[in-house]
Amino acid sequence: MKMLRYTSVFLAILGAFLLAGSVSATAQIQVDSTNPSAAPQGSINLSVTISGNGFKKGAKAQWFVTGTTNPGGVTVNSTTFKGSTQLTANLTVAANAVISGFDILVTNTDGRTGKGTDKFAVTQKGTPIGCSTPGTPSGFTLVAELNTVQPNGAASITSLRLGNAIRVRPLDLNRDGIVDTLVAFVTSGQTGSEATYIFLLDPATGLPQANNPVTGAAWQNPLALLTGAFSTAAVAGDVNGDGVPDFVMLNNLYLFVGSVSGASSPTPYTLSYTAYPIQAPPGGYSGFGASIAIGDLDGDGADEIAVGAAGGGKKNPVPPAVFIYKFGSGGLTNVQTIQWPNSSAGGFGSAVAVGNIDGNPGNDLVVGAPGASTPNGGAVYVYPAPVQQSSYFMLTGPGPQFGEGLGIADVNLDGFPDLVVNTGYKFSGSDTTAQTLIFAGNVHAGTTYTNELLPATGLSYSWAAPNFDVGNMLTGGAVAVGTPNASIGNSCSSIGGGVGALHLFTSPFASSQQPNYVFGPPTLVGSSQFSFGYGVGVVPGYPFLLVGAHLQDLGTTSQAGQVYVYKKN
Ligand SMILES: [Ca+2]
Ligand SMILES: [Ca+2]
Ligand SMILES: [Ca+2]
Ligand SMILES: [Ca+2]
């Protein structure tokens, strides 16, 4: 056996040697990266550092539209040799240069060449140097922007940071079995300007509906639900089982219960919401409201609300817990409390989810404890239906921070809800640990993850922080993960906090994969900040994806925030 293996290795080396010998003119020089890595049309005398290997004195660099031999309007005025691993190129980018990725070809004086594929981008005129956006991926169309610039130059919605959190659900206004509108719950604001809105979108086009789709009468859209309370996360469900979607938002904890006016109302089939504050239980739970989830835990057809409390302050610690609330007769009642199972379950309640992941009747409560003392760091506790303090099992996976985010939906479309778990140090720009794991249902004690969903290269910063969403888009399962600070650490330093990105993974999922689609703002012109991907919402059963860029400037309104509506083609 050993002899055979050595022989095959020897033959492989010999083969590689022979192969290398025949193409040596293209195998010696390596082009790794450029800085800045992007420049807008019309850039003159721009100095670009090329990093790589095998450069020699007199080396010359050329720019070609990726995959072609077309210079695309980029002229290299001169190339300066800095060392075997670095060159500097002086570029002029024509005003009408091709907006595209570019390959960089370096040729030494001996004729040897090396090419870096797609290592530079020419961007739209007005885009900051070093910044680029993936824009809208092929397969999707940007159909609407929910904030607009008014004739006076200001944004139409000026509560600021529109798109902090997003959840969307379909609604049949007149109960004829046909969905009339998509109800998009969108939070916004910062201290002093907070507001929460409902946008009503056409289920076919995704565009805001100017008129009531049942009566044709003009109606209010968007609806302002509440001012003076900001939020960075939200969940959607139905707390009274009436088929009208209800929403809960975090930070300032409120439940919004929807109702539709009747046929004989002066404004028939009009949606309105009542806000109910969710009060912390007595006992000093300073970590109350670390997370929220919604789902029917007692099987009566109406959803309960689970609120995570990650624990009290350091001076007066209160053990972490999850509080279950039930809506009824005009208010909320704390009907059950699940305390942390043991002192090693650190961060218990940092994330919660409700759904039937174990295959037995009834919905289960799932609680993340990302600080739990486990070999890799973090744990997820599953309380099978009927939920009780003493009955649970634990899941672990790759850490650190396993369980910092949770979602439940049948994302692989096999009829069983799946558990989706976020892990990794999310605030680390060069992070290789940030990922989202699918535990395909049915999930039991000892179940391991079936799929790992990884960030697009270089775009992991702020993975799923604060938002992600799971569900389906028509007939495809979907996991959408925002990275609002993506691009921090690259050459795009003038956009504070990075451009941001949205990673969309669609079924069928590979055992390990990067996103099927990567979204970025359609343009980087006209705003100094974005945080694209801060808020995200999929629309169950519909081909739409909503993405918030909550720091985006709009017209004269700095940090107005924008929400983009995309439709799958
Ligand atoms: Ca209808
Ligand atoms: Ca309802
Ligand atoms: Ca219930
Ligand atoms: Ca499933």
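In this text, all values refer to a predicted model and were calculated from it rather than measured experimentally.

Calculation criteria
- Residues numbered from 1 in each chain as written.
- Chains lettered and ligands numbered in written order.
- Predicted model: local features only at pLDDT ≥ 70, side-chain atom pairs only at ≥ 80, totals over all residues.
- Helix = DSSP H or I, 4+ residues; strand = E, 2+ residues; numbered from the N terminus.
- Buried ≥ 20, exposed ≤ 12 C-beta atoms within 10 Å, placed from the backbone.
- Pairing = 2+ DSSP bridges.
- Axes fitted to C-alpha atoms, helices over the stretch in contact; angles between N-to-C directions.
- pLDDT = per-residue confidence, 0-100.
- Contact = placed C-beta atoms within 7 Å.

A. Here's a closer look at unusual backbone geometry. Between Asn221 and the following residue, Pro222, the backbone shows a cis peptide bond with an omega angle of 10°. Following the sequence through the fold, Pro222 ends up in the loop between β12 (195-201) and β13 (223-227). A positive phi angle, near 55°, is found at Ser531, a position not held by glycine. Mapped onto the fold, Ser531 is located in the loop between β34 (517-519) and β35 (532-538). Residue classification places Ser531 among the buried positions, given that 29 C-beta atoms sit within 10 Å.

B. Structural context of the sheet that holds strand β24 (residues 379-383). Taking strand neighbours across the sheet as the criterion, the four strands line up as β22-β23-β24-β25 in an open arrangement whose pairing is antiparallel. The outermost strands of the open sheet, each flanked by one partner alone, are β22 (351-355) and β25 (393-395). Going from strand to strand, the sheet's axes swing by 25° on average, the running direction of each strand aside.

C. Broad picture of the confidence of the model for the chain. For the chain, per-residue confidence averages 92 on the pLDDT scale, and 93% of positions sit at 70 or higher. Throughout residues 1-27 the model reports pLDDT below 50, and contacts reaching past four residues in sequence, or to other chains, amount to five contacts.

D. Representation of the pairing of strand β26 (residues 405-409). Along β26, five of the five residues are buried, which leaves the element largely enclosed by surrounding structure. The side-chain alternation of β26 yields two buried faces, one formed by Gly405, Gly407 and Ala409 and the other by Leu406 and Ile408. Summarising the sheet, β26 and strand β27 (residues 418-423) pair through five bridges and their orientation is antiparallel. Looking at β27, one finds that Gly407 is bridged to Val420.

E. Structural view of the environment of Tyr285. Of note, Tyr285 is situated in the loop between β17 (271-277) and β18 (288-295). According to the C-beta neighbour criterion, Tyr285 is buried, with 22 such atoms within 10 Å. Separated by 26 residues in the primary sequence, Tyr285 and Gly311 have C-alpha atoms spaced 6.2 Å apart.

F. A look at the sheet that holds strand β9 (residues 140-145). Taken in spatial order, the four strands line up as β9-β37-β36-β35 in an open sheet, and their pairing is antiparallel. Where the open sheet ends on each side, the last strands, each with one partner, are β9 and β35. Here the strands of the sheet are splayed against their neighbours by 30° on average, with no regard to which way each runs. Across six bridges, the pairing between strand β36 (residues 544-549) and strand β37 (residues 562-568) is antiparallel. By the bridge assignment for β37, Ala549 is matched with Gln562.

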